[in-house]
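# Notes for the structure review
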Amino acid sequence: MAWQLHYTSTRRGPTGRAGFQFVAETPGLPEGARAGVTPYLSYRPPPGAPLSPEAHELDRFPVALLYDRVAGRPLLLRCRYLGRDYSGRYGNFFAHAVVAEEEELEGLRPAELWHAPLWNDGPLEGNGAALPLLEEFAPGAESDPEFLAEWLAGQGKDPYGLLAGLMDAVTEVLRDGHGRVVLVADDVEPIARWIAVVSYSLPVAAAAGMSFVTYSADPDAAAQRLVGTTPDVWASSQRQAGHAFHLDEGGPGGHAPSRHARTVAACWRAFDFAGLDALAELGELGEPGEAATLLSLCRGDRTVTAAEEAAVVRLVERYGERIPGWVWRELAGSGAPMGLDLALAVHARVDDGTSLAAALESAPDLTAVARIAEAGADPSGIRAAAARCVREGGAGDLPSALARVSGPSRGPLLEGVLSGLAEADPGVRRATLTGPACDALYAERGPLLAVPVVALPVLVTVASRHPGRRVAVTADLLALPTDSAADEPARALARIWTEPPSAAGCLALMDAHPGAFGPGAALAGLPSRTFGRIAAGGHAALCAPETQRLVARVRTVRPDPGGESARAAVAVGAYTDAVTAERPERAAEALAALTGSGAADELVEDVLSTAARRLAASREPPFRAALLAAVPGGVRSRLGALWAAGLPGRARSGRSPVRTAELAQRNGLIEVVLRLRLLGVSEPALETWARSAAGRRLSARMLDAHFSGDPRLRTALKELIAEARGRGE
């Protein structure tokens, strides 16, 4: 489906106003089509054109045929200068726009519509005429390849050199997605034909993506990729275009043309339309240069370089079965010399009698071996070639090589890889065992674990790249043959568990490998580091069921009696006892056990800090005061300091105003101090804080009111305040 619009300057348009406007259109225009077309509706004559042309001179003004896209649909727009408008002023033009659905242009290149019969040269009679939907697009005269080839042959000075330069320029701007190529000529007709020649030289998709305009009075601002203009316009422009071609002068583009450009020019010179079709077909698969090189190889061209052939090999590898069958047949019969990779690809499709043994012997890297193995080579040859390539540092993209081979050839290839790695110098082995390579080898754990010298670095790398696999990797390390170097697995385990596992992960390891946690075993100290991780996680982590199970398991297994893990288990186990104790004396015993556990200082500090926060939040002042009275002096000092430090800033300093919740926290800790004094126990640092917080006049009055219902506490408060004022605190 395609819709039409007419645009010009008229005395009275469909809306009753005068001036430039849409004067006719197809009913049912897609939403946004009119607004999308509007920015393209302009025409300015060349500066050398007559200012007041007579009717017979209007045909000398260049017609602008534009192709672009609006709102995702193809836009075709033809602008023709009309001279005078309804008022007699010059500057009027007529624009005929067509907005089409994608499928309407299928099999058609937009440049073919240059002289198409669909175009109107001027507006229809009457305002607001309803234009019909266009059902088909018939190409214009003199737009077929045969006519264009005849015309091109008669274009004077080296039109094929000009074509080659033009093709390279157009290919560049289409690839980059920005910039433009300017075509300069006195007459717009050759510009339209050159655009058509370029269109026929491109794949259909590329031609559909090549916007163009046959004439622009402002080529520097044109948004199209291929822009036509006149010499007088170009002489006055800023010339910001990256490429400009003066069509009337002819000649080459001033640079050495690419293989693609040379091939296109040769096809037009020889009227080789089949070659152009083949080039377009291959161009849908790869880059223009790859397509041209492949066509050249099909035709026996012996000038193809190794780099060009390598690009063709990459094209073949990318598209495989999408390569047309005629390509393989022509390559096989071309007689052109081909490298190993391309020859193998050809033989795999048209020559099943090719011996692969020689190809294996000369394979330059593991990727080549994999490709040959995929073709069904002898297993012993695959194994030997793979080992040789890896040993000599030719593993290349090892994961891709392994991934591309399946079936019976995969085993020999993997065996060769592992054998080569085991025999290689340590430097070669390290360079080969990249992260992705280790992942690929780990997927083949059975053969891998049979070669410890390779398995050890692979397992360590996999564990560091994928922490979630560390438990499984640990099992693999512990399963290595006993003749491995005595300390290598232990060192590997230490590297794997630099970041300790979770409680659940540690339990899983202890369940699966109890022998590895025995006294002096490789993982005996691992639980202690897991407990350190748990302690840093706060209350939820310390009270989690899996944490409690781990504490019980360590106490049962006793991996290092009296060692780090045992001491850490005591400290973590004491936490739950402390925060869940119903009596302050029991909580005090648990905190004493915690601080006296002998566990690492950092772990003890984390657990004690969390316990202090939890007790402050969940226990009333009488409980907390009794707890402080029952714990050893050092624990009392630390616990008091943690409680004071846990108060919000203004509540801690005794300054006002203080929020209600913060006030309750401060009053609670003051009460702890008062009750501690009544018990005859002193904590100097905590009392110093309490005197400072209570000694301010407003704070003193508020605290007096707070404790007014308890004479003993009120009396103790007054004594505290008196001490503060007596000391000047």
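Residues numbered from 1 in each chain as written. Predicted model: local features only at pLDDT ≥ 70, side-chain atom pairs only at ≥ 80, totals over all residues. Heavy atoms only, no water.

Secondary structure summary: the chain contains 37 helices and 10 strands in total. In summary, the chain has a C-alpha radius of gyration of 43 Å against a globular reference of 27 Å for 729 residues, an excess of more than 25%. Taking the principal axes of its C-alpha atoms as reference, the chain extends roughly 120 × 85 × 40 Å. Taking contacts inside the chain between residues at least 6 apart in sequence as the whole, the part at least 24 apart equals 66%. In the structure as shown, the chain presents an accessible area of about 32500 Å², 51% of it carried by carbon and sulfur atoms. Computing the positive centroid from 74 side-chain charges and the negative centroid from 86, the chain places the two 15 Å apart. (Helix = DSSP H or I, 4+ residues; strand = E, 2+ residues; numbered from the N terminus. Rg over C-alpha atoms; globule rule 2.2 N^0.38 Å. Contact = heavy atoms within 4.5 Å. Areas by Shrake-Rupley, 256 points an atom, 1.4 Å probe, with all protein chains shown as cover. Lys, Arg positive; Asp, Glu negative; His and termini not counted. Charge placed at Lys NZ, Arg CZ, Asp CG, Glu CD.)

This part is about the side chain of N667. Tracing the chain through its elements places N667 in helix α34 (residues 660-678). Sequence-distant contacts of N667, defined by excluding residues within four places in its chain, comprise L703, H706 and F707.

Take empty space enclosed by the protein next. Within the structure shown, the criterion is met by two cavities of 30 Å³ or more. Counted as a void, the largest cavity has a volume near 40 Å³. Lining the largest cavity we find A111, W114, H115, A141, E142, S143, L148, A192, R193 and A196. In terms of residues, the lining of the largest cavity owes the most to one element, helix α4 (residues 188-200), which gives three residues. (1 Å grid on protein atoms, 1.4 Å probe; cavity = no way out; pocket = protein on both sides within 12 Å on 5 of 7 lines; lining within 4 Å. Points joined across faces, edges and corners; volume = space filled by probe spheres on them.)

Where α34 meets helix α36 (residues 697-706), the closest approach of the two axes is 11 Å, and the angle between their N-to-C directions is 75°. By the angle class used here, α34 and α36 are roughly perpendicular. Here α34 contributes L663, R666, N667 and I670 to the contact with α36, which in turn contributes S699, M702, L703 and H706. In terms of residue class, the contact of α34 with α36 is built from four nonpolar, three polar and one charged. (Axes fitted to C-alpha atoms, helices over the stretch in contact; angles between N-to-C directions. Parallel < 35°, antiparallel > 145°, perpendicular 65-115°, else oblique. Nonpolar A, V, L, I, M, F, W, Y, C, P; charged D, E, K, R; others polar.)

Here we take up unusual backbone geometry. Both trends apply: most residues other than glycine have a negative phi, and most peptide bonds are in trans. We note that A71 has phi near 50°; this positive angle belongs to a residue other than glycine. Inspection of the secondary structure assignment puts A71 in the loop between β3 (64-70) and β4 (73-84). One non-glycine residue, E142, lies in the positive phi region at around 60°. Within the secondary structure layout, E142 lies in the loop between β6 (129-130) and α2 (145-153). What makes E142 partly exposed here is its relative accessible area of 39%. (Buried < 20%, exposed > 50% of the residue type's maximum accessible area, 1.4 Å probe, protein only.)

By the secondary structure assignment, G381 is in helix α15 (residues 379-391). In the structure, G381 is positioned 21 residues away from L360 in sequence and 6.7 Å away in space, judged by C-alpha atoms.

Below, the discussion takes up the sheet that holds strand β10 (residues 243-246). Spatial strand order, β6-β2-β1-β5-β4-β3-β8-β9-β7-β10: 10 strands in an open sheet with mixed pairing. Bordering the open sheet on either side are β6 and β10, each of which pairs with just one other strand. As paired strands, strand β2 (residues 19-25) and β6 are joined by two bridges and run parallel to one another. Counterpart to A24 in the pairing with β6 is A129. Relative to β10, helix α3 (residues 159-176) is tilted by about 155°, and along the sheet it contacts β7 (181-184), β9 (226-229) and β10. (Pairing = 2+ DSSP bridges.)

A word on the confidence of the model for the chain. The predicted coordinates should not be examined in detail at positions where pLDDT is low. Here the chain averages 88 in pLDDT, and 94% of its residues register 70 or above. For the chain, the element scoring lowest by mean pLDDT is helix α33 (residues 649-653), at 65; strand β8 (residues 212-213) scores highest, at 97. (pLDDT = per-residue confidence, 0-100.)

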